[in-house]
Amino acid sequence: MSKEPDRIFAQPLAQVPDFAFNEDVVRVFPDMIKRSVPGYPTIVENLGVLAAQFAQPNSVLYDLGSSLGAVTQALRRHVRTEGCQVIAVDNSSAMVERCREYLNAQNSMYQELLPVKVVEGDILALAFKPASVVALNFTLQFIAPEQRLALLSRIRQSLLPGGALILSEKLRFSDDEEHTLLTDLHIAFKRANGYSDLEIAQKRSAIENVMKPDSLEEHRERLLAAGFSKVVPWFQCLNFASLIALP
Ligand SMILES: Nc1ncnc2c1ncn2[C@@H]1O[C@H](C[S@+](CC[C@H]([NH3+])C(=O)[O-])CC(=O)[O-])[C@@H](O)[C@H]1O
Ligand SMILES: O=C(O)C(=O)Cc1ccccc1
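Predicted model, so just to flag it, every value in this text is computed and none were measured. (Residues numbered from 1 in each chain as written. Chains lettered and ligands numbered in written order. Predicted model: local features only at pLDDT ≥ 70, side-chain atom pairs only at ≥ 80, totals over all residues. Heavy atoms only, no water.)

> Is there a simple way to explain the pairing of strand β1 (residues 60-64) in this structure?
Side chains on a regular strand alternate between the two faces of the sheet. Burial within β1 is extensive, with 5 of its 5 residues counted as buried. By the bridge criterion, 5 bridges tie β1 to strand β2 (residues 85-90) in an arrangement that is parallel. Each residue of the ladder has a partner; that of L64, found in β2, is V89. For the handedness criterion, the β-α-β arrangement of β1, helix α3 (residues 70-78) and β2 is classed as right-handed. (Buried < 20%, exposed > 50% of the residue type's maximum accessible area, 1.4 Å probe, protein only. Helix = DSSP H or I, 4+ residues; strand = E, 2+ residues; numbered from the N terminus. Pairing = 2+ DSSP bridges. Right-handed = clockwise from strand over helix to strand, strands pointing away.)

Shown next, in the form of structure tokens:
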């Protein structure tokens, strides 16, 4: 993947446009996500390990909002279950194009990878096949809040017995003190990764209209409302967490 450093918000902008997954972001995305999301490499690698425990023979593993395919590649490397296929879906054409290139390059480096299909499309309009694993790795937070329950309900309907949804998200906190503490620590994490105060401030204003985090309680209640029977947090680093939701 590209090693280009993220300098998107380094210069002062007269007006900060809403954040979009366009060509400029795609070019620096691996650097951006690693320096912005505490625990991201741990979550991605372990998603493969978790998925291997839930994968059912002859089923689909979905990576929804796949970006450059980091989760897809972890799934392909770790899951050995007979007849499984990974379907990666993203609605950014720039992401999908780079994702296909990256995954093709991986084919020659590993043996016995699961087959993969990369689909350019809106996950809200997807006709789900019977699935054993669905990964929403930092994608639900970009879906309009009023659409989230319907999407999770459709995922729940497509999940086979023994399968799981793995949902990673930035969290907000209903307790003001907890919210401020973890937000400040996240800013310190970004600063320690070389982002300036200007970059941090401009990025925050770029994402505030397009990325709306929920609290852990809101996630749990909505997942139960969507028909999931059990919600188990398996990872949290500062204000970023990942949950397993069982059908
Ligand atoms: N309606 C939609 N339909 C399809 N894709 C969408 C939609 N809305 C947003 N996206 C896509 O969801 C992805 C979210 S990034 C996921 C990281 C990845 N999972 C990773 O583990 O590297 C999260 C982040 O950058 O914080 C982008 O590629 C969007 O184009
Ligand atoms: O940068 C942030 O503050 C985030 O919350 C995470 C993020 C990472 C990559 C794209 C958009 C948001």
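> What is the right way to look at the UniProt feature "domain: Methyltransferase" (unreviewed entry) in the chain in this model?
As recorded in UniProt, the feature "domain: Methyltransferase" (unreviewed entry) lies at residues 63-163. Taken end to end, residues 63-163 comprises 38% helix and 25% strand; its first and last C-alpha atoms sit 14 Å apart. (UniProt positions renumbered as here; feature names shortened; annotations may be inferred.)

> What is the right way to look at the packing of aromatic side chains in this model?
How two aromatic rings sit relative to each other is given by the distance of their centres and the angle of their planes. All told, the structure shown has 6 aromatic pairs when counted by the stated rule. Their ring planes at 85 degrees and their centres at 5.2 Å tell us that Y62 and F128 sit as a pair that is edge-to-face. Remark: F128 occurs in the loop between β3 (116-120) and β4 (131-137) and Y62 occurs in strand β1; sequence separation between them is 66 residues. Using a relative accessible area of 17% as the deciding quantity, one classes F128 as buried. Where W234 meets F235, the ring centres are 5.8 Å apart and the plane angle is 55 degrees; that geometry is what we call tilted. One aromatic cluster in this structure is built from F19, F21, F29 and F142. Of note, K190 hangs over the ring of Y195, and the distance from its end group to the ring centre comes to 5.8 Å. (Phe/Tyr/Trp six-rings, centres within 6.5 Å; stacked < 30°, edge-to-face > 60°. Lys NZ or Arg CZ within 6 Å of the ring centre and 35° of its normal.)

> Is there a simple way to explain unusual backbone geometry in this structure?
Phi is mostly negative for residues that are not glycine, and the peptide bonds are mostly trans. Phi angles above zero are rare outside glycine, and E112 is one such case at about 60 degrees. The residue E112 is located in the loop between α4 (93-107) and β3 in this model. Its relative accessible area of 62% is what places E112 among the exposed residues. At L238, a position not held by glycine, the phi torsion is positive, near 55 degrees. Mapped onto the secondary structure, L238 falls in the loop between β6 (230-237) and β7 (240-246).

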